Amino acid sequence: MSALEKIAAIAGEAVLWRRDLHRRPELLYALDETSAFVAQKLNAFGLDEVVTGVGGSGVVGVLRGRPGNRAVGLRADMDALPIEEITGAAWASEKPGAMHACGHDGHTATLLAAARRLAADRDFAGTVVFVFQPAEEGGAGAKAMIEDGLFDRFPVDEIYGIHNLPGLPVGRFAVRHGAIMASTDRFYIDILGRGGHAARPQETIDPILVGSQVVTALQSIVARNTDPLASGVVSVTTFHAGNTDNVIPQTARLSGTVRALDGRVRGELEASVSRIATTVATAFGAEARVLYERGYPVTVNHAAAAERVGDVVESLLGQSAIDRTAAPLMAAEDFSYYLERVPGAYFFMGNGPSAGLHHPAYDFADDAIAPGAAVWTALAKASLSAASQA
Ligand SMILES: [Zn+2]
Ligand SMILES: [Zn+2]
């Protein structure tokens, strides 16, 4: 049997795992049922080590083949989102207010299918480390696993991550060298003015007027301060002030998000948000206090690893199945933390014409499991048989 036929033979069962996980979504680090499910499967497949509780609720499976020097990490995320599902599917979420709206159920089932296949054959030299992580959706589960010693306890030469992508046909993949996902930061700006009677504005410093000027001026950062050939986003997403019509309030609070595709632009955007907010407020006699929080870093693919993904997909599924120059997304990924420490690549697999990620009508495409698992197994073997770059 070919590699694809071998995967196809177990894909039907993997679809059932996916739907099982979909019915019981869990959020962030509270993954009791999900991580138990994953650990039980990995043990049943006969992996050499299955370690739970890594970085909170992460699960790591270790599979050793013939003697070899190299090790490769394959990562799936396991957490769901606080969204009320509207798919009406027979396997729809049974937990009110929670659903797998980002396809992490599918990522988990796809990597489990690959683990089962690799464990059954063990036709490789070296070690495969399966990383099932918690809290990708804003909880930095990758960082938690690293801080819990992931790479010290389970050292790898390379690490790879797959995310499904609505709009890309099922069975097709997309990768790129360099930045593929953006950094994501948050800011909070408190405008401190002087409240008073709405009919006596001359005695007040109106924080709503000042905040509006700040919002407008922040738009100049990307338009006028950022290299037109670079990428950046500054979005003000909340503006709260005042309670009634005849009072000018004392304060206003704004918040928003900042995205970038390289560290230099990220630093410039951070400095500009603070400078503009404080100086604009000062110009109107008010004061701005800015709190800027850095979130996930830029996800930067390493060239050799991205090339390996392209070569593996091409030899397995044909040239038309791989786009090696995918456009980066301004969304963010905590896979970035792994790539800051270990070479590797993060890439997309097609989810067909589904609703978008994080939409209440989204569902993972079960047909993507077979090609995804086939790529996982071939990629693991390709990475392990690569000449050591050390
Ligand atoms: Zn997501
Ligand atoms: Zn996701």
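**Here's the deal with unusual backbone geometry**
At Arg122, a residue that is not glycine, the phi angle is positive and equals roughly 45 degrees. Checked against the element boundaries, Arg122 lands in the loop between α3 (104-121) and β4 (125-133). At Ala135, a position not held by glycine, the phi torsion is positive, near 55 degrees. Mapped onto the elements of the fold, Ala135 is located in the loop between β4 and α4 (141-147). By relative accessible area, which is 0% here, Ala135 ends up buried.

**A few points about the sheet that holds strand β3 (residues 66-77)**
Reading across the sheet, the 8 strands line up as β1-β2-β4-β3-β5-β16-β6-β15 and stay open at both edges, with mixed pairing between neighbours. Among the strands making up the open sheet, the edge pair consists of β1 (49-54) and β15 (322-323). Relative to strand β16 (residues 344-350), strand β6 (residues 173-174) runs antiparallel, the two being bridged by 2 bridges. Along β16, the bridge assignment pairs Ala174 with Phe348. Strands in contact with helix α10 (residues 369-384) are β3, β4, β5 (158-165), β6 and β16; relative to β3, the strand with the most contacts, it is inclined by about 145 degrees.

**Observations concerning the coordination of the zinc ion (ligand 2)**
Protein-derived ligands of the zinc ion (ligand 2) are Cys102 (SG), His104 (NE2) and His163 (NE2), with the metal-ligand distances lying across 2.1 to 2.3 Å. Mapped onto the polypeptide sequence, the residues donating to the zinc ion (ligand 2) form the spacing pattern C-x1-H-x58-H. Between the two metals, the zinc ion (ligand 2) and the zinc ion (ligand 1), the spacing is 3.1 Å, and Cys102 donates to both. Of this pair, Cys102 sits in the loop between β3 and α3 while His163 is found in strand β5, placing the two residues 61 residues apart along the sequence. For the residue pair Cys102 and His163, the accessibility class agrees, reading buried in each case.

**Some details on the coordination of the zinc ion (ligand 1)**
Surrounding the zinc ion (ligand 1) are the protein donor atoms Cys102 (SG), Glu137 (OE), Glu137 (OE) and His358 (NE2), at 2.0 to 2.8 Å. One chain supplies every donor to the zinc ion (ligand 1), and in sequence these donors are spaced C-x34-E-x220-H.

**Some points on the packing of helix α1 (residues 3-23) against α3**
In helix packing, the relevant descriptors are the interaxial angle and the interaxial distance, both defined with respect to the helix axes. Between α1 and α3, the shortest axis-to-axis distance is 8 Å and the interhelical angle comes to 145 degrees. Where α1 crosses over α3, the handedness of that crossing is right-handed. Two secondary-structure elements touch here, α1 through Lys6, Ile7, Ile10, Glu13, Ala14, Trp17, Arg18, Leu21 and His22 and α3 through Asp105, Gly106, Thr108, Ala109, Leu112, Ala113, Arg116, Arg117 and Asp121. The residue makeup of the contact of α1 with α3, split by class, is 8 nonpolar, 3 polar and 7 charged.

**A look at the domain arrangement of the protein**
Along its sequence, the protein is organised into domain 1 (3-181 + 298-389) and domain 2 (183-294). Computed over C-alpha atoms, the centres of domain 1 and domain 2 are 38 Å apart. In this assembly, 8 residues from domain 1 lie in contact with 10 residues from domain 2. Interface area, domain 1 with domain 2, both sides summed: about 660 Å², of which 74% is carbon and sulfur. At the junction of domain 1 and domain 2, the tally comes to 1 residue pair in polar contact (both at pLDDT 80 or more). Residue composition of the side of domain 1 that touches domain 2, grouped by class: 8 nonpolar, no polar and no charged.

**Quick notes on the environment of Pro169**
Here Pro169 shows up in the loop between β5 and β6. Residues Pro169 and Ile189, spaced 20 residues apart in sequence, show a C-alpha to C-alpha distance of 42 Å. Beyond its immediate chain neighbours, meaning those up to four positions away, Pro169 contacts Gly350 and Gly352.

**Some words on helix α2 (residues 32-44)**
Helix length check: α2, at 13 residues, gives a terminal C-alpha distance of 18 Å against a target of 18 Å (1.5 Å per residue), a fit within 8%. If you check which residues of α2 are buried, you get Thr34, Ser35, Phe37, Val38, Ala39, Lys41 and Leu42. Where α2 is buried, its residues touch α1, β1, β2 (58-64), α3 and β4. Remark: Gly46 follows α2 within two positions and exhibits a positive phi of approximately 85 degrees.

**Here's the deal with the packing of aromatic side chains**
Under the criterion given, the structure shown has 8 aromatic pairs. Their ring planes at 35 degrees and their centres at 5.5 Å tell us that Phe335 and Tyr346 sit as a pair that is tilted. Highlighted residues: Phe335 in helix α9 (residues 335-339) and Tyr346 in strand β16, separated in sequence by 11 residues. Per residue, the accessibility class of Phe335 equals that of Tyr346, and both read buried.

**Examining the environment of Glu147**
Locating Glu147 in the fold gives a position in helix α4. The class for Glu147 is exposed, based on a relative accessible area of 62%. Sequence-wise, Glu147 and Leu261 are 114 residues apart; in three dimensions their C-alpha atoms are separated by 24 Å.

**As for the environment of Ala288**
Considering the arrangement of structural elements, one finds Ala288 in strand β13 (residues 287-294). The exposure class of Ala288 is buried, given its relative accessible area of 10%. Taking the C-alpha atoms as reference, Ala288 lies 9.6 Å from Pro207; in sequence the two are 81 residues apart.

Parameters at a glance
For every chain, the first residue of the written sequence is number 1, and numbering continues from 1 along that sequence. The naming scheme follows written order: chains are lettered A onward, ligands numbered 1 onward. Only residues with pLDDT of at least 70 are given local features in this predicted model, and only at 80 or more are side-chain atom pairs given and counted; all residues enter the totals for whole chains, interfaces and linings. To get the side-chain values, all heavy atoms of the structure are used, and hydrogens and water are removed first. Helix numbering and strand numbering both begin at the N terminus, where a helix is a DSSP run of H or I of at least 4 residues and a strand a DSSP run of E of at least 2. Only protein chains enter the area calculation, which uses a 1.4 Å probe; residues under 20% of their type maximum are buried, those over 50% are exposed, and those in between are partly exposed. In this description, strands pair whenever DSSP reports at least two bridges between them. In this analysis, two residues are considered to be in contact whenever any of their non-hydrogen atoms come within 4.5 Å of each other. Axis lines are fitted to C-alpha atoms, over the contacting stretch for helices. Their N-to-C directions set the angle, which ranges from 0 to 180 degrees. Metal sites are built from N, O and S donor atoms within 2.8 Å, or 3.2 Å for Na, K and Ca, and they leave out water, so they may look incomplete. Rotating anticlockwise by less than a right angle from the far helix to the near helix defines a left-handed crossing, while the corresponding clockwise rotation defines a right-handed one. Residues are sorted three ways: Asp, Glu, Lys and Arg are charged, Ala, Val, Leu, Ile, Met, Phe, Trp, Tyr, Cys and Pro are nonpolar, and all the rest, Gly among them, are polar. The start and end points of each domain follow an automatic or database-based domain assignment. By convention, the term buried area covers the 1.4 Å-probe accessible surface removed from two parts as they join, with the contributions of both added. What qualifies as a polar contact is a pair of N or O atoms within 3.5 Å, subject to a donor-acceptor requirement within protein and to the restriction that residues adjacent in sequence count only when both atoms come from side chains. Here the expected length of a helix is defined as 1.5 Å per residue gap, with one fewer gap than residues. Each pair of aromatic rings taken from Phe, Tyr and Trp, with Trp reduced to its six-membered ring, is defined by centres within 6.5 Å and is described as stacked if the planes are under 30 degrees apart, edge-to-face if over 60, and tilted in the remaining cases.

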